[in-house]
Amino acid sequence: MTDWENCYQQGETPWDKSAAAPELSFLVGAGLLRGRVLVPGCGRGHDARAIASGGGADVVGVDLAPSAVREAQALGTATGLRFEEGNLFSLPQEWLGTFDWVWEHTCFCAIDPTERQRYVTAVHAVLRPEGRLLGTFFMNPSMDPGEQGPPFGTTEAELDRLFGAHFTLESQWAPRASFPGREGRELMRQLRRLG
Ligand SMILES: C[S@@+](CC[C@H](N)C(=O)[O-])C[C@H]1O[C@@H](n2cnc3c(N)ncnc32)[C@H](O)[C@@H]1O
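So, a few notes on the structure that sits alongside this text.

Procedures and definitions
Residues numbered from 1 in each chain as written. Predicted model: local features only at pLDDT ≥ 70, side-chain atom pairs only at ≥ 80, totals over all residues. Helix = DSSP H or I, 4+ residues; strand = E, 2+ residues; numbered from the N terminus. Buried ≥ 20, exposed ≤ 12 C-beta atoms within 10 Å, placed from the backbone. Contact = placed C-beta atoms within 7 Å. Near = placed C-beta within 6 Å. Nonpolar A, V, L, I, M, F, W, Y, C, P; charged D, E, K, R; others polar. Pairing = 2+ DSSP bridges. Axes fitted to C-alpha atoms, helices over the stretch in contact; angles between N-to-C directions.

**Quick look at the overall build of the protein chain**
Moving on, step 1. When you go through the protein chain residue by residue, the secondary structure sums to six helices and seven strands.
Moving on, step 2. Once the C-alpha set of the protein chain is aligned to its principal axes, its extents read approximately 45 × 40 × 30 Å.
Moving on, step 3. Here the protein chain holds 195 residues, and 38% of them are scored as buried.
Moving on, step 4. Across the protein chain, the fraction of contacts at a sequence separation of at least 24, relative to all contacts at a separation of at least 6, is 66%.

**Here's the deal with the site of the ligand**
Moving on, step 1. Around the ligand, the surrounding shell holds 20 residues, and the nearest of these are W4, G41, G43, L88 and A110.
Moving on, step 2. When grouped by side-chain class, the residues that make up the shell around the ligand number 13 nonpolar, five polar and two charged.

**Concerning the environment of S67**
Moving on, step 1. With respect to the element layout, S67 can be found in helix α4 (residues 66-75).
Moving on, step 2. The class of S67 is partly exposed, set by 19 C-beta atoms lying within 10 Å.
Moving on, step 3. A sequence separation of 60 residues divides S67 from C7, and the C-alpha atoms of the two residues are 9.3 Å apart.
Moving on, step 4. Contacts of S67, omitting those with residues within four sequence positions, involve E5, Y8 and Q9.

**Side note on the sheet that holds strand β6 (residues 167-173)**
Moving on, step 1. With mixed pairing, the seven strands of this open sheet are ordered in space as β3-β2-β1-β4-β5-β7-β6. At either margin of the open sheet sits one strand with a lone partner, and together these are β3 (81-85) and β6. Within the sheet, the average angular offset between the axes of one strand and its neighbour, ignoring direction, is 20°.
Moving on, step 2. As paired strands, strand β5 (residues 127-138) and strand β7 (residues 186-193) are joined by seven bridges and run antiparallel to one another. In the strand pairing of β7, T136 is matched with M188.

**With respect to helix α3 (residues 46-53)**
Moving on, step 1. The element α3 is largely enclosed, with a buried count of seven among its eight residues.
Moving on, step 2. Looking at α3, one finds that the buried residues are H46, D47, A48, R49, A50, I51 and A52.
Moving on, step 3. Immediately downstream of α3, the backbone of G55 shows phi near 80°, a positive value.

See below:
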């Protein structure tokens, strides 16, 4: 199991590109991700910052590594943007059912694959009815069977199976831009909460 706090303390964070997910500029530009937005596993907060910069959003970045949250706060908060230490699997009761959007990027692929059903349950619970999960999923088609994650890749079939009972798939597409090395290995999905 990854010791995320230790990674941040040691500065061993190869996933952090010091910038927001490239696809986000298109999404924010298109007026998506407005209202109350949760960014689970926000790390140093680049994505949360980019979403907040679009205006019209009240963004909460959550990460279980205290050092990540401290660094995210040090890099800058603003009106409509805050960072909190917390575990996606035990979010505050008062947050449940209150978010319009959850932005997924490098959290689903970071948690142990045995925890994925818990991820779906947690995201479903925190969204308001009709709220949406929008995310970049790491498919990693080149992963060898014996290769160790994280990141742990997924498949469209697994996403359908995990999310199908709780979400409607509204759209999916290949991201228009990816970080170098992730091209062709990511899939965008927008899912609407059922129930
Ligand atoms: C691969 S990193 C990605 C960080 C950030 N999204 C980025 O792209 O730079 C995964 C992040 O998820 C956080 N994390 C892992 N499990 C979590 C959980 N159950 N709840 C909240 N954060 C979690 C880790 O501390 C880490 O910062």
